[in-house]
Amino acid sequence: MKQFIRYRFSSILGVVGAGQMGTGIAIVGSAVAGLKVRVVDVNEQRLQASHTFIDKWCDKEIQKNRMTNQLKTDVLSRFSFHLKISDLSCCDFVVEAAPEKFEMKAEIFKQLVQVTNPETILASNTSSISITKLAGLTNRADRIIGMHFMNPVPVMKLIEVIKGIQTSQETLDKTLELANKMKKEIVIAQDIPGFIANRILMPYINEAIQTLYEGIGTVEGIDKAMKLGTNVPMGPLTLADFIGLDTCLEIMKVLHQDLGDSKYRPCPLLVNYVNAGWLGKKSGRGFYKY
Ligand code: CAA
């Protein structure tokens, strides 16, 4: 078994999933926390896109005088990109940031417990799936935790930390230590569907879509009402496009199924858009065209 030093990051953070969340987590891991970061994705093109995004992000930081060329070289040198989960065997903390589908996350967790050291903490960036349920699939439930980052990760200040019923205090402490290194604010939520942020945000977005569905306002009108009327940075339909309509739908389904209350029923218009492949900004069309 590899040597593991307790309460000290060996400075290798694993990130599973090179999408917008995984890439953002990788950025704060390397650029803010100063850790070595291994990013894994089964899709080579996504890994390449992630690498390009990080490179451009560093260039923007340089333009804003927040990074030097030398720092960029250091940040990039701490990254590596991989196609196999087994390449995370040297990591002592892994954050899973795969799409919001239980079966996919369950499969990743099953593989992660096989390839990593038993002491390795496995965090999920899930937006709504039960940490306790994911932990139940592993033989180290005490080392499984939720670390819910907000999008865009480098900009948003919060990480919602979710303690499953078997998560140990040591795991929680180490997760808070990592979040602090990433210079994020923390809120601890109970492991109940949607946790805090999405329990409130997703019904709000779903209701905005229902408002459109019922013809009460236009896309622009609904966004304008909420943006200028409640001083939020984005209207709810813009925000839904930004998050991804598929992600919004998956979260609503979890709230609906697991809480069993009809008030969480996903709006049929949201279902239709996802079925049409109109997933928001990432697919070029959602409530707006991009
Ligand atoms: N990655 C990194 N940085 C980004 C970024 C990205 N994808 N998008 C924007 N930024 C940065 C910009 O570089 C800029 O940085 P500086 O201020 O340092 O120059 C800053 O964000 C502001 O960007 P812009 O000026 O281009 O645009 P803006 O003022 O409209 O801000 C925004 C963009 C930060 C995204 C803002 O609109 C916002 O806060 N929107 C709400 C975002 C939100 O609610 N996120 C949570 C979603 S819910 C979630 O994530 C949880 C879940 O489970 C679904």
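Note that the structure is a prediction, hence the values are computed from the model and not measured.

Observations regarding the sheet that holds strand 5 (residues 121–124)
(1) Moving on: Pairing is mixed across the open sheet formed by 8 strands, whose spatial order is 3-2-1-4-5-6-7-8. The outermost strands of the open sheet, each flanked by one partner alone, are strand 3 (79–82) and strand 8 (185–190). Geometrically, the sheet is characterised by an average inter-axis angle of 25° between neighbouring strands, direction not taken into account.
(2) Moving on: Both strand 4 (residues 93–96) and strand 5 contribute to a ladder of 4 bridges, which runs parallel. When the sheet's bridge partners are listed, phenylalanine 93 is paired in strand 5 with isoleucine 121.
(3) Moving on: Packing against the sheet, helix 4 (residues 102–115) makes contact with strand 1 (12–16), strand 4, strand 5 and strand 6 (144–149), and its axis sits at approximately 170° to strand 5.

Considerations on the pairing of strand 6
(1) Moving on: The buried fraction of strand 6 amounts to 6 of the 6 residues, a majority that puts the element mostly inside the structure.
(2) Moving on: Both faces of strand 6 are covered, namely the face carrying Ile144, Gly146 and His148 and the face carrying Ile145, Met147 and Phe149.
(3) Moving on: Pairing of strand 5 with strand 6 involves 3 bridges; the strand directions are parallel. Directly across from alanine 123, in strand 6, lies its bridge partner isoleucine 145.

Here we look at the packing of aromatic side chains
When we look at a pair of aromatic rings, we describe it by the centre distance and by the angle of the planes.
(1) Moving on: Applying the stated criterion across every chain yields a total of 3 aromatic pairs.
(2) Moving on: Summarising the aromatic geometry, the rings of tyrosine 273 and tryptophan 278 are spaced 5.1 Å apart at their centres and angled 85° between planes, so their arrangement reads as edge-to-face.
(3) Moving on: Given the relative accessible area of 15%, tyrosine 273 is considered buried.
(4) Moving on: Exposure remark for tryptophan 278: the relative accessible area of 28% places this residue in the partly exposed category.
(5) Moving on: For the pair tyrosine 273 and phenylalanine 287, a centre-to-centre distance of 4.8 Å together with 25° between the ring planes defines the contact as stacked. Separated by 14 residues along the polypeptide, tyrosine 273 in helix 11 (residues 268–276) and phenylalanine 287 in the segment after helix 11 bring together distant segments of the chain. Across this residue pair, the class does not change: tyrosine 273 and phenylalanine 287 are buried.
(6) Moving on: Following the ring pairs from residue to residue traces out a cluster consisting of Tyr273, Trp278 and Phe287.
(7) Moving on: The ring of phenylalanine 102 has lysine 133 sitting right over it, with the charged end atom 4.3 Å from the ring centre.

A few points about the state of the cysteines
(1) Moving on: The tally for this structure, following the rule as stated, stands at 0 disulfides.
(2) Moving on: Just so you know, cysteine 248 is unpaired, no disulfide at all, and the nearest cysteine sulfur is the one on cysteine 267, 12 Å from it.

Some thoughts on the site of the ligand
(1) Moving on: In the region of the ligand, 20 residues are neighbours, and Lys64, Arg66, His148, Asn151 and Asn198 sit closest.
(2) Moving on: Here an oxygen atom of the ligand and a side-chain polar atom of serine 127 are 3.2 Å apart.
(3) Moving on: Asparagine 151 places a polar main-chain atom, nitrogen or oxygen, 2.7 Å from a nitrogen atom of the ligand.
(4) Moving on: Listed by contribution, the elements that provide at least two residues to the shell around the ligand are helix 2 (44–63), helix 7 (197–213) and helix 9 (236–243).

Some words on helix 6 (residues 169–181)
For an α-helix, 3.6 residues make a turn, and residues three or four places apart therefore share a direction.
(1) Moving on: Along its 13 residues, helix 6 runs 18 Å from first to last C-alpha, staying within 8% of the 18 Å computed at 1.5 Å per residue.
(2) Moving on: Those residues of helix 6 that are buried are in contact with strand 1, strand 4, strand 5, strand 6, strand 7 (158–163) and strand 8.
(3) Moving on: Of the residues trailing helix 6, lysine 183 is marked for its positive phi of about 60°.

Reading the values: rules and limits
- Residues numbered from 1 in each chain as written.
- Predicted model: local features only at pLDDT ≥ 70, side-chain atom pairs only at ≥ 80, totals over all residues.
- Heavy atoms only, no water.
- Pairing = 2+ DSSP bridges.
- Helix = DSSP H or I, 4+ residues; strand = E, 2+ residues; numbered from the N terminus.
- Axes fitted to C-alpha atoms, helices over the stretch in contact; angles between N-to-C directions.
- Contact = heavy atoms within 4.5 Å.
- Buried < 20%, exposed > 50% of the residue type's maximum accessible area, 1.4 Å probe, protein only.
- Phe/Tyr/Trp six-rings, centres within 6.5 Å; stacked < 30°, edge-to-face > 60°.
- Lys NZ or Arg CZ within 6 Å of the ring centre and 35° of its normal.
- Disulfide = S-S within 2.5 Å.
- Near = heavy atom within 4 Å.
- Polar contact = N/O pair within 3.5 Å; in protein donor to acceptor, adjacent residues only side chain to side chain.
- Expected span 1.5 Å × (residues − 1).

The values are spatial; any link to function lies outside them.
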